Amino acid sequence: MSAMYKAEVPLYGDLIRIVSGVNTCTRTGDLDPRVLAMRHGNVAPSRLDVERHGAIRLGTPHEMRTVRRVFAVIGLHPVGYYNLSAAGLPMHATCFRPRSASSLRQNPFRVFASVLRPELIRDDAASALALTLLSKRNIFTAELMSLLDLADRQRGRLTVDQGTSFIMQAMETFRWHATAASSLQDYTCLKEEHPVLADVACFRSAHINHLTPRTLDIGAAQEKMKAEGLKVKDRIEGPPERACPILLRQTSFLAIEEPIQFTASPSGKGRASSFVRGSHRARFGEIEERGAAVTPAGRRLYDELLDEAMAAADSCPGRATPEELDRQVELAFRKYPDDWTVLRTRRLAYFTYQVAGKSLPDGNTSSVALEDLVRHGSVNATPITYEDFLPLSAAGIFRSNLGTGASSSQPVEAPSDEIGMQEALGVELSNSDELYKSMERESIEACEAELGIRIV
Ligand code: OOG
Ligand code: NI
């Protein structure tokens, strides 16, 4: 996928070059071994150089279910629910990713997959048009569908040969097509209602719209992108720069305008025989810097401080500039503890534990408190890398790359529909907190076994 995207979007190749340059410089300079371990995913060789995330936007529950089956074959499963309606998008999303510590170590590739919620489209005609176009398209090859059935019959497994053709067929779903599945007129009509509708409904594939390498220093990478003349997003999304990085910081270069051939006749008006030239903006490049996964309490604090910063920036006279928002975020986050021990003892972030030495604190050695073991140096605590996404940041990334249409700036705020998402997927969503918690618990159990004690 990365090779295909590099060939299709040469700017993405530039991005990879910039990021690996920054990562090579940062890796030697960064001294906190815990940050380093977390940033490298706690494995040698570092998972950093292979790490990517991508995003696709789907149109129907059937597309979502089939994509879920495709990703299940390579060990990616839906984790978490993202309601994007608060940001004015008639979409909701999940993240397909590995769930266990061992599969994350093998490869942490993840995909942010959103799907249309047609009931949130305000204009009836636009909604009907989008649904008509979607009902006519099939983004999966016949061979892919039979390989999925085969995988089901073989308990989720494919042979090497089957796997090779599976990859080739699955790539077709995510490939870019320079010919649209709609007329320019239909495209324009949907774009006016909301640019995301045109992107979702007017094409023959669920084109991957970005691939994101992971950087160790997003500030440096952002500066380097600017210095090379890339048009970058006006600010980095997520928490400010910290000594103890948390969650996810992201920025992107803006989507490129690409030539598209549209069909000559609008939907339902006869067969298309000739083409009309137009263009479309969807594909971009993004970089991310990952920090520690936070607990629900840590997440509440993050959300509160971000809200506080946005409210403060909004209350400034005139329109809040990106710099003003950055300043307010930096100010608000002074209230977020920036020390690993405090983050751990206040249960704001998740950690795994590793035996560091066999010597145990004095006293009852059959059952020892975790904190005593850490203080004594018997075990080390390492923050767990955040493996998910952030809905507000995702909305910021969407917005900066879609441009705004007539009504897209007015939110279509609606309650979450996790049930609808699970019905589309045909499986339950995993809860990311449960996954982080079990990584933490398993590491403590491993320490217990190794030290021959009970940890309380
Ligand atoms: C997805 C944007 C979300 C992220 O990194 O938060 C995302 C999209 O534009 O389709 O990829
Ligand atoms: Ni992204």
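Novice: What am I meant to see in the overall build of the protein here?
Specialist: In terms of helices and strands, the protein carries 18 helices and 14 strands. In terms of principal-axis extent, the alpha carbons of the protein reach across some 85 × 65 × 40 Å. Counting only residues that meet the buried cut, the protein has 53% of its 456 residues in that class. In the protein, once contacts between residues fewer than 6 apart in sequence are set aside, the share between residues at least 24 apart is 76%. Counting only carbon and sulfur atoms, one obtains 52% of the accessible surface of the protein, whose full area is about 20,000 Å². Taking the average location of the 54 positive side-chain charges in the protein and that of its 58 negative ones, the two points are 3 Å from each other.

Novice: Explain the pairing of strand β3 (residues 91-97) to me, please; I cannot follow it from the model alone.
Specialist: On a regular strand, one side chain projects to one face of the sheet and the next to the other, so that they alternate. Where burial is concerned, most of β3 is hidden: seven out of the seven residues are buried. The two faces of β3 match: Met-91, Ala-93, Cys-95 and Arg-97 on one face and His-92, Thr-94 and Phe-96 on the other face are all buried. Looking at chain direction, strand β2 (residues 77-83) and β3 are connected through five bridges and run antiparallel. Residue pairing in the sheet places Pro-78 in a bridge with Phe-96 of β3.

Novice: Help me out: how do you make sense of the site of ligand 1 in this one?
Specialist: Contacts to ligand 1 come from His-53, Ala-55, Arg-57, Phe-112, Asn-209, His-210, Gln-250, Glu-286, Phe-389, Ala-394 and Phe-398. Contact between ligand 1 and Arg-57: an oxygen atom at 2.8 Å from a side-chain N or O atom of the residue. In this structure, Asn-209 approaches ligand 1 through a side-chain N or O atom, which is 3.0 Å from an oxygen atom. The pocket occupied by ligand 1, as judged from atoms lying within 2 Å of grid points, is the largest cavity. Per-element accounting of the shell around ligand 1 gives the leading share, three residues, to strand β1 (residues 52-58).

Novice: Just checking my understanding: could you explain the coordination of the nickel ion (ligand 2) for this structure?
Specialist: Under perfect tetrahedral coordination by four donors, a metal shows angles of 109.5 degrees; under perfect octahedral coordination by six donors, it shows angles of 90 or 180 degrees. Those donors, His-53 (NE2), His-210 (NE2) and Glu-286 (OE), are the protein atoms that reach the nickel ion (ligand 2), and they lie 2.0 to 2.1 Å from it. Sequence spacing among the residues donating to the nickel ion (ligand 2) works out to H-x156-H-x75-E. Separated by 157 residues along the polypeptide, His-53 in strand β1 and His-210 in strand β6 (residues 210-213) bring together distant segments of the chain. The residues His-53 and His-210 share a single accessibility class, namely buried.

Novice: What should I look at first to understand the pattern of salt bridges in this one?
Specialist: Should the charged atoms of two oppositely charged side chains come close, the side chains can pair. Within the structure shown, the criterion is met by 29 salt bridges. Between Arg-242 and Asp-338 there is a salt bridge, and its shortest N-O distance comes to 3.5 Å. Of this pair, Arg-242 sits in the loop between α11 (218-227) and β7 (248-253) while Asp-338 sits in the loop between α13 (322-332) and α14 (340-345), and the two are 96 residues apart along the sequence. The class of Asp-338 is partly exposed, set by a relative accessible area of 35%. Its salt-bridge partner being Glu-324, residue Arg-327 comes within 3.3 Å of it at the nearest N-O pair. In this pair, Arg-327 and Glu-324 are both assigned in helix α13, three residues apart and thus about one turn of the helix distant. Its relative accessible area of 45% is what places Arg-327 among the partly exposed residues.

Novice: Help me understand unusual backbone geometry, please; the structure alone is not making it clear to me.
Specialist: Keep in mind that most residues, glycine aside, have a negative phi and that most peptide bonds are trans. Within the chain, Arg-155 stands out as a residue other than glycine whose phi angle is a positive 50°. Within the secondary structure, Arg-155 sits in the loop between α7 (142-153) and α8 (160-174). One non-glycine residue, Arg-347, lies in the positive phi region at around 55°. Its location among the elements puts Arg-347 in the loop between α14 and β11 (351-355).

Novice: Teacher, can you tell me more about the layout of surface pockets here?
Specialist: To find the voids left in a structure, one rolls a probe of water-molecule size over its atoms. Counted as a void, the second largest pocket has a volume near 500 Å³. The set of elements that each furnish at least two residues to the lining of the second largest pocket consists of α4 (61-73), α5 (101-106) and α8. For the lining of the second largest pocket, the element with the most residues is α8, which contributes five residues. Considered class by class, the residues forming the lining of the second largest pocket number 13 nonpolar, four polar and one charged.

Novice: How should α11 be read in this particular structure?
Specialist: Residues that lie three or four places apart on an α-helix share one face, since the helix turns once every 3.6 residues. Along α11, the residues that are buried comprise Ile-218, Ala-221, Gln-222 and Met-225. Viewed end-on, α11 has its buried residues packed into an arc of 100°, placing them on one side of the element. Taking the backbone nitrogen of Gly-219 as reference, a side-chain oxygen 3.2 Å away marks Asp-217 as the first, capping residue of α11.

Novice: Just checking my understanding: could you explain the sheet that holds strand β5 (residues 179-183) for this structure?
Specialist: Each strand in a sheet pairs with its neighbour through backbone hydrogen bonds, running either in the same direction (parallel) or in the opposite one (antiparallel). Across the sheet, which stays open at both edges, the three strands sit in the order β5-β8-β9 with mixed pairing between neighbours. Looking at which strands have only one partner, the edges of the open sheet turn out to be β5 and β9 (275-281). Within this sheet the neighbouring strands show an average axis-to-axis angle of 45°, counted without direction.

Novice: Would you mind going over the side chain of Gln-328 with me for this structure?
Specialist: When you line up the elements, Gln-328 lands in helix α13. Given a relative accessible area of 11%, Gln-328 falls into the buried group. Only 2.8 Å separates the side chain of Gln-328 from the side chain of Glu-324, close enough to count as a polar contact. Once you skip the residues sitting within four places of it in the chain, Gln-328 turns out to touch Ala-309, Ala-312, Ala-313 and Cys-316.

Novice: Is there a simple way to think about the sheet that holds β3 in this case?
Specialist: Strands sit in the order β2-β3-β4-β1-β6 across an open sheet of five strands; the sheet is mixed. In the strand order of this sheet, the two ends are held by β2 and β6, each with one partner. Averaged over neighbouring strand pairs, the angle between their axes works out to 20° when direction is ignored. Taken together, the six bridges between β1 and strand β4 (residues 110-116) define a ladder with parallel strand orientation. Counted as the bridge partner of His-53 is Arg-110 from β4. Strands in contact with helix α16 (residues 391-402) are β1, β2 and β4; relative to β4, the strand with the most contacts, it is inclined by about 70°.

What counts, and where the lines are drawn
Residues numbered from 1 in each chain as written. Chains lettered and ligands numbered in written order. Predicted model: local features only at pLDDT ≥ 70, side-chain atom pairs only at ≥ 80, totals over all residues. Heavy atoms only, no water. Helix = DSSP H or I, 4+ residues; strand = E, 2+ residues; numbered from the N terminus. Buried < 20%, exposed > 50% of the residue type's maximum accessible area, 1.4 Å probe, protein only. Contact = heavy atoms within 4.5 Å. Areas by Shrake-Rupley, 256 points an atom, 1.4 Å probe, with all protein chains shown as cover. Lys, Arg positive; Asp, Glu negative; His and termini not counted. Charge placed at Lys NZ, Arg CZ, Asp CG, Glu CD. Pairing = 2+ DSSP bridges. Near = heavy atom within 4 Å. Polar contact = N/O pair within 3.5 Å; in protein donor to acceptor, adjacent residues only side chain to side chain. 1 Å grid on protein atoms, 1.4 Å probe; cavity = no way out; pocket = protein on both sides within 12 Å on 5 of 7 lines; lining within 4 Å. Sits in = over half its atoms within 2 Å of the grid points. Donors = N, O, S within 2.8 Å, 3.2 Å for Na, K, Ca; no water. Salt bridge = Lys/Arg side-chain N within 4 Å of Asp/Glu carboxyl O. Points joined across faces, edges and corners; volume = space filled by probe spheres on them. Nonpolar A, V, L, I, M, F, W, Y, C, P; charged D, E, K, R; others polar. Arc of directions from axis to C-beta. Axes fitted to C-alpha atoms, helices over the stretch in contact; angles between N-to-C directions.

So yeah, pure geometry; function would need other evidence.
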